[in-house]
Amino acid sequence: SQTIHQWPATLVQPVGSPLSLECTVEGTSNPNLYWYRQAAGRGLQLLFYSVGIGQISSEVPQNLSASRPQDRQFILSSKKLLLSDSGFYLCAWIPMGQGSGYTFGSGTRLTVV
Amino acid sequence: GQQLNQSPQSMFIQEGEDVSMNCTSSSIFNTWLWYKQDPGEGPVLLIALYKAGELTSNGRLTAQFGITRKDSFLNISASIPSDVGIYFCAGHPSSNTGKLIFGQGTTLQVKP
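Residues numbered from 1 in each chain as written. Chains lettered and ligands numbered in written order. Predicted model: local features only at pLDDT ≥ 70, side-chain atom pairs only at ≥ 80, totals over all residues. Heavy atoms only, no water.

(A) Molecular detail of the overall build of chain A. Check the secondary structure of chain A and you find 0 helices and 11 strands. Reading the helices (α) and strands (β) of chain A from amino to carboxyl end gives β-β-β-β-β-β-β-β-β-β-β. For 113 residues, the compact-globule formula gives about 13 Å, and the C-alpha radius of gyration of chain A, at 13 Å, lands near that figure. Overall, the C-alpha framework of chain A stretches about 40 × 30 × 20 Å when taken along its three principal axes. Within the span of chain A, comprising 113 residues, buried residues form 48% of the whole. In chain A, once contacts between residues fewer than 6 apart in sequence are set aside, the share between residues at least 24 apart is 54%. With an accessible surface of roughly 5100 Å², chain A has 55% of that area assigned to carbon and sulfur atoms. (Helix = DSSP H or I, 4+ residues; strand = E, 2+ residues; numbered from the N terminus. Rg over C-alpha atoms; globule rule 2.2 N^0.38 Å. Buried < 20%, exposed > 50% of the residue type's maximum accessible area, 1.4 Å probe, protein only. Contact = heavy atoms within 4.5 Å. Areas by Shrake-Rupley, 256 points an atom, 1.4 Å probe, with all protein chains shown as cover.)

Set out below in structure tokens:
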């Protein structure tokens, strides 16, 4: 079956600390993968997307970076977190047979303190 | 860049009432999608529309792909408390960037 896994579910990190959020998908190969951020429970902002291993497109300048070390693994990182990095981070992909609709992971609630 | 204007931003209704929300764009879209997000969860796809004029239902939900390909609406009939959440419209623009564009969401609250 086609599934998406995202972890951790919640994270509290101090300002200046590093970040690593992981997203993996199962049941497919060479998927398009996406990282979104949602602030204050509204609006989905596309941060990065990837169409293949090592291929990352950034949508907005920011304190974050993304990597795709394996076909079904997408990682969101930061070397030094800022308070403004707090938010709800969502990974997404397009499963086969779902037309053009994205399927989202369950999200990571990041609070930078 | 392309934007989707979603309205209303929020709604507070009585259980049993019908709900309508819509999404408009200044440019043409090839696909319209409607998602629902429960608190603390990722959005879940409700309805996908692929043709201009298409009208699709999913239980108490009905959505339409506008004839001009620049708008879509979502109706919820006979609302119930579990309809609470944020509803997002989304679409693939005709420029086919491969990226899904999202509206800003409509927050729905239902009073029992």
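(B) Spatial organisation of the pairing of strand S7 (residues 65-70) of chain A. Residue and element names in this part refer to chain A. The sheet contact formed by S7 and strand S8 (residues 73-78) spans 4 bridges and is antiparallel. Across the sheet, Ser67 pairs through a bridge with Ile75, a residue of S8. With antiparallel pairing between neighbouring strands as the criterion, S7 and S8 make up a hairpin whose turn holds 2 residues. (Pairing = 2+ DSSP bridges.)

(C) Examining the pattern of salt bridges more closely. Here the structure, examined in full by the defined rule, presents 4 salt bridges over all chains. With a closest N to O distance of 3.9 Å, Asp85(A) and Arg37(A) form a salt bridge. Taken together, the positions of Asp85(A) in the loop between S8 and strand S9 (87-93) and Arg37(A) in strand S4 (residues 33-39) put the pair 48 residues apart, joining distant regions of the chain. The shortest N-O distance in the salt bridge between Asp83(B) and Arg60(B) comes to 2.8 Å. (Salt bridge = Lys/Arg side-chain N within 4 Å of Asp/Glu carboxyl O.)

(D) Structural context of the packing of aromatic side chains. A complete count under the given rule lists 13 aromatic pairs over all chains for this structure. Between Phe88(B) and Phe102(B), the aromatic rings sit 6.4 Å apart at their centres with planes inclined by 85°, giving edge-to-face as the arrangement. On the criterion of sequence distance, the pair formed by Phe88(B) in strand S9 (residues 85-93) and Phe102(B) in strand S10 (residues 101-102) is long-range, its members being 14 residues apart. Here Phe88(B) matches Phe102(B) in class, with each residue buried. Members of the aromatic cluster, connected to one another through ring pairs, are Tyr34(A), Tyr36(A), Tyr49(A), Tyr102(A), Phe104(A), Tyr35(B), Phe88(B) and Phe102(B). (Phe/Tyr/Trp six-rings, centres within 6.5 Å; stacked < 30°, edge-to-face > 60°.)

(E) How the structure looks around the sheet that holds strand S8 (residues 71-76) of chain B. Residue and element names in this part refer to chain B. What the 5 strands build is an open sheet, ordered S1-S3-S8-S7-S6; its pairing is antiparallel. The sheet is open, and its two edges are formed by strand S1 (5-7) and strand S6 (55-58), each paired on a single side. Sheet twist, expressed as the average angle between the axes of neighbouring strands with direction ignored, equals 15°. Bridge count between strand S3 (residues 19-24) and S8: 6 bridges; the pairing is antiparallel. Bridge pairing in S8 links Val19 to Ile76. (Axes fitted to C-alpha atoms, helices over the stretch in contact; angles between N-to-C directions.)

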